[in-house]
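Results of the structural survey
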Amino acid sequence: MSEKKNTVSLVLGIVSLIAWLLPLVGFPVSIVGLILGIKDKYTTGIILNVIGLAITVANSAIGAFMGANGML
């Protein structure tokens, strides 16, 4: 069972590196992958999901800033 969670965490980490383009998809994918990675202490999954989550947060912040200033 632990190997499946590690694989899922790794796959979600890879998907999150693409899913950041749509924050509504990027947040849940990154968070679920991060939880699974932390649960089994799978370092590669944790790192990929943290990077995906950070990029998603940055994309959301830039989009909110641009929307608030009428740049969209």
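Now for a quick tour of the structure. For clarity, every value in this text was computed on a predicted model and none was experimentally measured.

**A short note on helix 3 (residues 43–68)**
Helical geometry: 3.6 residues make up each α-helical turn, so side chains three or four residues apart lie on a common side. Taking 1.5 Å of rise per residue, 26 residues should cover 38 Å, and helix 3 covers 37 Å from first to last C-alpha, within 8% of that figure. The complete set of buried residues in helix 3 reads Gly 45, Leu 48, Asn 49, Gly 52 and Thr 56. On the buried face of helix 3, the contacting elements are helix 1 (2–19) and helix 2 (23–39). Gly 70 lies just past helix 3 and shows a positive phi near 70°.

**Comments concerning the packing of helix 1 against helix 3**
One way to put it is that helix 1 packs onto helix 3 with a least axis distance of 8 Å and a crossing angle of 25°. As judged from the angle between their axes, helix 1 and helix 3 are roughly parallel. Our pair here, helix 1 against helix 3, has a crossing hand that is left-handed. Between helix 1, through Ser 9, Leu 10, Leu 12, Gly 13, Ile 14, Ser 16 and Leu 17, and helix 3, the contact on the second element is made entirely by Thr 44, Gly 45, Ile 46, Leu 48, Asn 49, Ile 51 and Gly 52. In terms of residue class, the contact of helix 1 with helix 3 is made up of seven nonpolar, seven polar and no charged.

**A closer look at the environment of Leu 10**
If you trace the backbone, Leu 10 turns up in helix 1. Residue classification places Leu 10 among the partly exposed residues on the basis of a relative accessible area of 26%. When sequence neighbours within four positions are dropped, the list of residues in contact with Leu 10 reads Tyr 42, Thr 44, Gly 45 and Leu 48.

**Notes on the packing of helix 2 against helix 3**
The contact between helix 2 and helix 3 brings their axes to 8 Å, and the two run at 155°. Of the possible angle classes, the one that applies to helix 2 and helix 3 is roughly antiparallel. Note that helix 2 runs across helix 3; the crossing there is left-handed. Of the residues in helix 3, those touching helix 2 at Pro 23, Gly 26, Phe 27, Val 29, Ser 30, Ile 31, Gly 33, Leu 34, Gly 37 and Ile 38 are Ile 46, Asn 49, Val 50, Gly 52, Leu 53, Thr 56, Val 57, Asn 59 and Ser 60. Split into classes, the residues belonging to the contact of helix 2 with helix 3 amount to ten nonpolar, nine polar and no charged.

Parameters and conventions
Residues numbered from 1 in each chain as written. Predicted model: local features only at pLDDT ≥ 70, side-chain atom pairs only at ≥ 80, totals over all residues. Heavy atoms only, no water. Helix = DSSP H or I, 4+ residues; strand = E, 2+ residues; numbered from the N terminus. Expected span 1.5 Å × (residues − 1). Buried < 20%, exposed > 50% of the residue type's maximum accessible area, 1.4 Å probe, protein only. Contact = heavy atoms within 4.5 Å. Axes fitted to C-alpha atoms, helices over the stretch in contact; angles between N-to-C directions. Parallel < 35°, antiparallel > 145°, perpendicular 65-115°, else oblique. Left-handed = near helix turned anticlockwise from the far one by under 90°. Nonpolar A, V, L, I, M, F, W, Y, C, P; charged D, E, K, R; others polar.

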